[in-house]
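Here's the letter readout for the chains.
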Amino acid sequence: MEHLIEQALPWLHMAFGPDPDWKQAFLTLLTPLFLGATGVEYLYLKRHGKSFFFRKNEVITNMLLGGSYQAMEMVWFALFVNAFMHWMYGFRFQTITVTPLNFLGLFLGLEFCYYWFHRASHRIRWFWCAHVVHHSGENMTTTTAMRQSLFYAVNLHQVFWAPMLLIGFPVWAVLLAYGINLGYQYFVHTQAVTRFSPWIEYLFNTPSHHRVHHGRNPQYIDKNYGGVLIIWDRLFGTFEPEVEPVEYGIVRQPKTDNIWTLNTHEWKDMFSDALKPGTSWLRLKHIWAPPEWIRPGLQEQSNLRDKPVA
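Quick caveat: nothing in here was measured; it's all calculated off a predicted structure.

Q: Which residues make up the overall build of the chain, and what values go with them?
A: The helix and strand tally for the chain stands at 13 helices and zero strands. With the principal axes as the frame, the chain shows a C-alpha extent of 60 × 55 × 40 Å. Across the 310 residues of the chain, 53% fall into the buried class. Once local pairs closer than 6 in sequence are excluded, the contacts in the chain between residues at least 24 apart make up 73%. For the chain, the exposed area adds up to about 14,800 Å²; of that, 69% sits on carbon and sulfur atoms. Distance from the positive charge centre (25 side chains) to the negative charge centre (23 side chains) of the chain: 5 Å.

Laid out in C-alpha cells, this is it:
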C-alpha cells in the first residue's frame, strides 16, 4: 500500500500540493465516475418515466452546496485540520506500517467510528447543525450526495477519527479510508435501484437502507447510520427496513434553494435558543442535547416553529 502511494506521490503532489487532504484528493479523482453515474441514473429514470426525480432547482442547489463544501474543506484543511490531526497522531500508542491487510483493518475501524460520528450528527445538535444540510433535500438522486455543509470543516468532527490515529495509523491513511467510505456512499443516494440480494442487504448499506435514512416518516427518522456497512445498525438497534414509500426532507423543512440559508438556518436557531434567558446549564444544553430537545418553560424555542420560506 505504501509502495503504491510512493509511486503516485509525484503526480499527486503536482495536482494537490505537498501534503494533501487525501480524502478530498480521492473524491476529486472520482469526480468523473460520480458524474458518469449520475448521467446513467438520469437516463435510466427517464427511460422508465421517472426523470421527474431530477428536479432542476434542487439538482443545481445540490451541486452548489457540494462545490462550496469542497472549497471550504480545502481551505480549512490547510489552515487547521491537517495540523490538528497530526497533533492527535502525536499521542499514538504505536506506529503502524500500512499494508493492504492493515489498511483493511483501518477501514473497518474507521467505518465503526463513522457510525458513531453519523449517529452523533443526528443526536447532538451541534453536529446536526452541519449535517441537516444533507437531509434538507426533498428528493433523492445521486446529486443528493453532493448536498453538504460549509461547516463540516469547522465543527471539529475530526475527533471521531482520533481512535484510528491513537492506535497508530498515519493521518494520510485515515483520510484515504474516510474518502473511500464517502465515495461509496455517493452511489447509495438513488431511487433507481430497488434492492440487492439478501446477503448484500444484510451486510452493506444499500440504496434501500439509505433511502430510509433520508426519510422524515416517523419510523424512518434517525435510522440506518452506516456508511459502507449496515451491520452496526443491526448491532446497536438503529436498523429500519424500507417498507412504506419514503417522504424525503426534514421535519421542519426550509422552503428555499438559497445555499447560505440552508447552511446557516440551524446554527442560527441553536444559538438563538441558547441565548434566551435561563440558567447557564439549560442554555448550554441546546448545544449538546438532541435537536428535538425542548427546554422546560421556553415557549419560543426554534424547534416549536416552522421554518420560514426564503
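Q: Break down the environment of Leu229 for me, citing the residues and quoting the values.
A: Examined against the element boundaries, Leu229 turns out to sit in the loop between helix H10 (207-213) and helix H11 (231-236). Classification of Leu229 by relative accessible area gives buried; the value is 12%. Along the primary structure Leu229 and Glu111 are separated by 118 residues, whereas in three dimensions their C-alpha atoms are 7.4 Å apart.

Q: Lay out the environment of Asn82 with the relevant residues and their values.
A: Inspection of the secondary structure assignment puts Asn82 in helix H4 (residues 56-89). Along the primary structure Asn82 and Val171 are separated by 89 residues, whereas in three dimensions their C-alpha atoms are 8.3 Å apart.

Q: An account of the packing of aromatic side chains is needed here, citing residue identities and associated values.
A: Inspection of every chain in the model, using the stated rule, returns 29 aromatic pairs. Between Phe117 and Trp161 the ring centres are 5.5 Å apart and the planes differ by 65°, which places this aromatic pair in the edge-to-face class. Pair noted here: Phe117 is in helix H5 (residues 100-123) and Trp161 is in the loop between helix H6 (125-135) and helix H7 (162-167), with a separation of 44 residues, a long-range link. For Phe117, a relative accessible area of 3% translates into the label buried. Given a relative accessible area of 2%, Trp161 falls into the buried group. On the numbers, 5.0 Å between centres and 90° between planes, the contact of Trp126 with Trp267 is edge-to-face. Placement of Trp126 in helix H6 and of Trp267 in helix H12 (residues 259-275) is noted, with a sequence separation of 141 residues between them. We classify Trp126 as partly exposed; its relative accessible area is 26%. Through pairs of rings, three or more aromatic residues link up here, namely Tyr69, Tyr114, Phe117, Phe127, Tyr152, Phe160, Trp161 and Tyr178.

Q: Pulling in residues and values, what's your account of the nonpolar core?
A: In this structure, Met85, Leu106, Trp161 and Val174 are the most contacted members of the largest nonpolar core, which totals 52 residues. Put simply, the parts of the chain that give this core at least two residues each are helix H2 (22-29), H4, H5, H6, H7, helix H8 (171-186) and H12. If you tally residues by element for this core, the top one is H8, at 10 residues. Setting aside chain neighbours within four positions, we find Leu106 in contact with Met164, Phe169, Ala173, Val174 and Ala177.

Q: Please give an account of the pattern of salt bridges that cites residues and values.
A: Tallied over the full model, the rule gives 12 salt bridges. With its nearest N and O atoms 2.7 Å apart, the salt bridge here joins Arg123 to Glu292. Of this pair, Arg123 sits in helix H5 while Glu292 sits in the segment after helix H13 (280-288), placing them 169 residues apart in sequence. Overall, the relative accessible area of 26% leaves Arg123 in the partly exposed class.

Q: Mind laying out the confidence of the model for the chain, listing which residues take part and the relevant values?
A: In this model, the chain carries an average pLDDT of 91, and 93% of its residues clear a pLDDT of 70 or more. Summarising per-element confidence for the chain, the mean pLDDT is lowest in helix H1 (residues 2-16) (52) and highest in H10 (98).

Q: Tell me about the environment of Leu101, residues and numbers included.
A: Within the secondary structure layout, Leu101 lies in helix H5. Of the residues examined, Leu101 reaches a relative accessible area of 66% and is grouped as exposed.

Q: Could you give an account of the side chain of Asn263, naming the residues involved and the relevant values?
A: Along the chain, Asn263 falls in helix H12. Overall, the relative accessible area of 1% leaves Asn263 in the buried class. Once residues within four sequence positions are removed from consideration, Asn263 is found in contact with Leu65, Cys129, Val133, Gln148, Ser149, Leu150 and Phe151.

Q: Could you give me a rundown of the packing of H2 against helix H3 (residues 31-47), with the residues and numbers involved?
A: The contact between H2 and H3 brings their axes to 4 Å, and the two run at 45°. Classified by the angle between their axes, H2 and H3 sit oblique to one another. Between H2, through Leu27, Thr28 and Leu29, and H3, the contact on the second element is made entirely by Thr31, Pro32 and Phe34. Among the residues forming the contact of H2 with H3, the class breakdown is four nonpolar, two polar and no charged.

Conventions adopted
- Residues numbered from 1 in each chain as written.
- Predicted model: local features only at pLDDT ≥ 70, side-chain atom pairs only at ≥ 80, totals over all residues.
- Heavy atoms only, no water.
- Helix = DSSP H or I, 4+ residues; strand = E, 2+ residues; numbered from the N terminus.
- Buried < 20%, exposed > 50% of the residue type's maximum accessible area, 1.4 Å probe, protein only.
- Contact = heavy atoms within 4.5 Å.
- Areas by Shrake-Rupley, 256 points an atom, 1.4 Å probe, with all protein chains shown as cover.
- Lys, Arg positive; Asp, Glu negative; His and termini not counted.
- Charge placed at Lys NZ, Arg CZ, Asp CG, Glu CD.
- Phe/Tyr/Trp six-rings, centres within 6.5 Å; stacked < 30°, edge-to-face > 60°.
- Core = buried A, V, L, I, M, F, W, Y, C linked by side-chain atoms within 4.5 Å.
- Salt bridge = Lys/Arg side-chain N within 4 Å of Asp/Glu carboxyl O.
- pLDDT = per-residue confidence, 0-100.
- Axes fitted to C-alpha atoms, helices over the stretch in contact; angles between N-to-C directions.
- Parallel < 35°, antiparallel > 145°, perpendicular 65-115°, else oblique.
- Nonpolar A, V, L, I, M, F, W, Y, C, P; charged D, E, K, R; others polar.

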